[in-house]
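Breakdown of the fold
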Amino acid sequence: MAKLQLPEIGDEKIDRLLEVAPAPELSADLHRKISGALVDSLQPVKPMPATRVLAGQVAALFLVFAVALIAMMGVTGFRTMDIWQAVGTVAILAVGVSLLSLVLAWQIRPGSQQRISAMLAWACLGVGFLTGAALLFPWRGAEAFASQGWPCLVTGSGVAIPGGVLFWLLTRRGVPLSAGAFGGTLGAIAGLLGVTVLQFRCTYQDAAHILVWHGGALVVSITAGVLIALFIERNVKRRRSTE
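Going along each chain's sequence as written, the residues are numbered from 1 onward. Two thresholds apply to this predicted model, a pLDDT of at least 70 for residue-level local features and 80 or more for giving and counting side-chain atom pairs, whereas whole-chain, interface and lining totals are computed over all residues. Side-chain numbers here rest on the full set of heavy atoms in the structure, without hydrogens or water.

A short note on the overall build of the chain
What counts, and what does not: Counting from the N terminus, the helices are the DSSP runs of H or I reaching at least four residues and the strands are the DSSP runs of E reaching at least two. In what follows, residue pairs with any heavy atoms lying within 4.5 Å of each other are defined as contacts.
Within the chain, the regular secondary structure consists of 9 helices and 0 strands. Ordered by position from N to C terminus, the α and β elements of the chain give α-α-α-α-α-α-α-α-α. Long-range pairs, those at least 24 residues apart, make up 84% of the contacts in the chain between residues at least 6 apart in sequence.

Written out as structure tokens, the structure reads:
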């Protein structure tokens, strides 16, 4: 079978093929316009604090807002607890705030290593709160269960709304990689603020009530945070695509 032979290409032809055409030079006027536009678009950027500083800021805001709300709404429920219930409740809330503050700081600071995912943090918070409520508080009858519970769910969710706005204002300079994770974490820490107020205020300190109605406020806040963040992200993408 005859082989196809290609004509030999000399070195001069190869040099011509590899010769790169010179790039067109910009005119002085066009160069000046581009440089001016770039300079005008530059804005000073304040570097973000370290992760531990961001986490401390979130935790401090939580503490200040919680103390103010508890001072206004009272501590009647906290006074009905025994020593172990009080210590256990405060410990669970403190661990939850510390965990969520760290996770939120990792999410908004570019380049941070997220050692714990957002969903795992939510799960740990939920399991810890539910386990603590089930072990620390007595199980009583379900008399007037719904009528006693709905006000707590509404109050906890209502407290979470301004809390979520405040935490968003504090962290909006960040650059989260996932809108859903960011929104859910904001909802979780805002919901935990509502739960904190309820634990100090509510006089129905029994396990079933705390699990369903206080825990329900936390679930509602996380779900709302995720949905709102995804809704905003989708609208922003749609607006950019139409521009």
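Things to note about the confidence of the model for the chain
In plain terms, the rule: pLDDT is a residue-level measure of predictor confidence that goes from 0 to 100.
When pLDDT is averaged across the chain, the result is 84; 80% of the residues are at 70 or more. Per-element confidence in the chain ranges from a low mean pLDDT of 55 for helix α1 (residues 11-18) to a high of 94 for helix α8 (residues 179-201).

So, the side chain of Thr171
Quick note on the threshold: Throughout this description, buried means an accessible area under 20% of the type-specific maximum (1.4 Å probe, protein chains only), exposed means over 50%, and partly exposed covers the range between.
Relative to the assigned elements, Thr171 resides in helix α7 (residues 145-171). Looking at Thr171, the relative accessible area reads 2%, which means it is buried. Those residues in contact with Thr171 that lie beyond four places of it in its chain are Val58, Leu104, Ile108, Phe182 and Leu186.

Regarding the state of the cysteines
Disulfides are covalent bonds that link the sulfur atoms of two cysteine residues. To keep it simple, the criterion reads: Disulfide: a pair of cysteine sulfur atoms within 2.5 Å of each other.
Within this structure, the stated rule accounts for 0 disulfides. Here Cys152 is not disulfide-linked; the sulfur of Cys202 is the nearest cysteine sulfur, at 3.6 Å. Overall, the relative accessible area of 6% leaves Cys152 in the buried class.

Some details on the pattern of salt bridges
In plain terms, the rule: For this analysis, a salt bridge means a side-chain nitrogen from Lys or Arg found within 4 Å of a carboxyl oxygen belonging to Asp or Glu.
Across all of its chains, the model carries 1 salt bridge by this definition. Of the charged contacts, one joins Lys237 and Glu233 as a salt bridge, the two residues approaching to 3.9 Å between their closest N and O atoms. Of this pair, Lys237 and Glu233 both sit in helix α9 (residues 207-242), 4 residues apart, which is roughly one turn of that helix. With a relative accessible area of 53%, Lys237 lands in the exposed category. The exposure class assigned to Glu233 is partly exposed, which follows from its relative accessible area of 30%.

Some points on the nonpolar core
We count it as follows: Put simply, a nonpolar core is a bunch of buried Ala, Val, Leu, Ile, Met, Phe, Trp, Tyr and Cys residues held in one set by side-chain atoms that sit within 4.5 Å of each other.
Among the nonpolar cores identified, the biggest contains 44 residues, and Phe62, Leu100, Trp122, Leu192 and Leu193 are the most heavily contacted of them. Elements that contribute at least two residues to this core include exactly α3 (51-73), α5 (83-108), α6 (118-136), α7, α8 and α9. Filtering out sequence-adjacent residues up to four positions away, Leu193 remains in contact with Phe62, Phe65, Ala66, Leu69, Val159 and Gly163. Core analysis: the next-biggest nonpolar cluster, separate from the first, contains 6 residues, Cys152, Leu198, Trp213 and Ala217 among them.

A look at the packing of aromatic side chains
Worth spelling out the cut-off: Each pair of aromatic rings taken from Phe, Tyr and Trp, with Trp reduced to its six-membered ring, is defined by centres within 6.5 Å and is described as stacked if the planes are under 30 degrees apart, edge-to-face if over 60, and tilted in the remaining cases.
Counted under the stated rule, the structure contains 4 aromatic pairs. Relative to Phe167, the ring of Phe62 has its centre 6.4 Å away and its plane inclined at 25°; by these criteria the two rings are stacked. Note that Phe62 is positioned in helix α3 and Phe167 in helix α7, a separation of 105 residues in sequence. For the ring pair Trp150 and Trp213, a centre distance of 5.4 Å and an interplane angle of 50° mean the geometry is tilted. Within this pair, whereas Trp150 is found in helix α7, its partner Trp213 is found in helix α9, the two being separated by 63 residues in sequence. Taken together, the aromatic side chains of Phe145, Trp150 and Trp213 make up a single cluster linked through ring pairs.

Quick look at the packing of α8 against α9
For any two helices packed against each other, one specifies the crossing angle of their axes together with the interaxial distance. So the rule is basically this: Helix axes are fitted only over the stretch in contact, all axes being lines through C-alpha atoms; the angle between N-to-C directions runs from 0 to 180 degrees. Oblique is the label for every angle not falling under 35 degrees (roughly parallel), over 145 degrees (roughly antiparallel), or within 65 to 115 degrees (roughly perpendicular). What makes a crossing left-handed is the near helix being turned counterclockwise from the far one by less than a right angle; a clockwise turn instead makes it right-handed. Each residue gets one label: Ala, Val, Leu, Ile, Met, Phe, Trp, Tyr, Cys and Pro are nonpolar, Asp, Glu, Lys and Arg are charged, and the others, such as Gly, are polar.
Running from amino to carboxyl end, α8 crosses α9 at an angle of 150°, the nearest separation of the two axes being 7 Å. One way to sum up the angle between α8 and α9 is to call them roughly antiparallel. Once α8 is placed against α9, the crossing between them reads as right-handed. Each of Ala179, Gly180, Gly183, Gly184, Gly187, Ala188, Gly191, Leu192, Val195, Leu198 and Gln199 in α8 lies in contact with α9, whose residues at this interface are Ile210, His214, Leu218, Ser221, Ile222, Gly225, Val226, Ala229, Leu230 and Glu233. Its residues assigned to classes, the contact of α8 with α9 shows 11 nonpolar, 9 polar and 1 charged.

Description of a nonpolar patch on the surface
To keep it simple, the criterion reads: Patches in this entry comprise residues that are over 30% relatively accessible and not in a salt bridge; like charges within 9 Å are linked, as are nonpolar side chains (Val, Leu, Ile, Met, Phe, Trp, Tyr) within 5 Å. All accessible areas in this document rest on Shrake-Rupley with a 1.4 Å probe, and a residue is counted as covered only by the protein chains that are shown.
There is a patch of nonpolar side chains on the surface, built from Ile161, Val165, Leu166, Trp168 and Leu169 and spanning about 450 Å² of accessible area. Looking at the element boundaries, Leu169 is found in helix α7.

With respect to the environment of Ile108
Along the chain, Ile108 turns up in helix α5. When its relative accessible area of 2% is taken as the criterion, Ile108 is described as buried. Sequence spacing of Ile108 and Gly174 is 66 residues, and the spatial spacing of their C-alpha atoms is 4.2 Å. Excluding residues within four positions of it along the chain, Ile108 makes contact with Met48, Leu54, Thr171, Gly174, Val175, Pro176 and Phe182.

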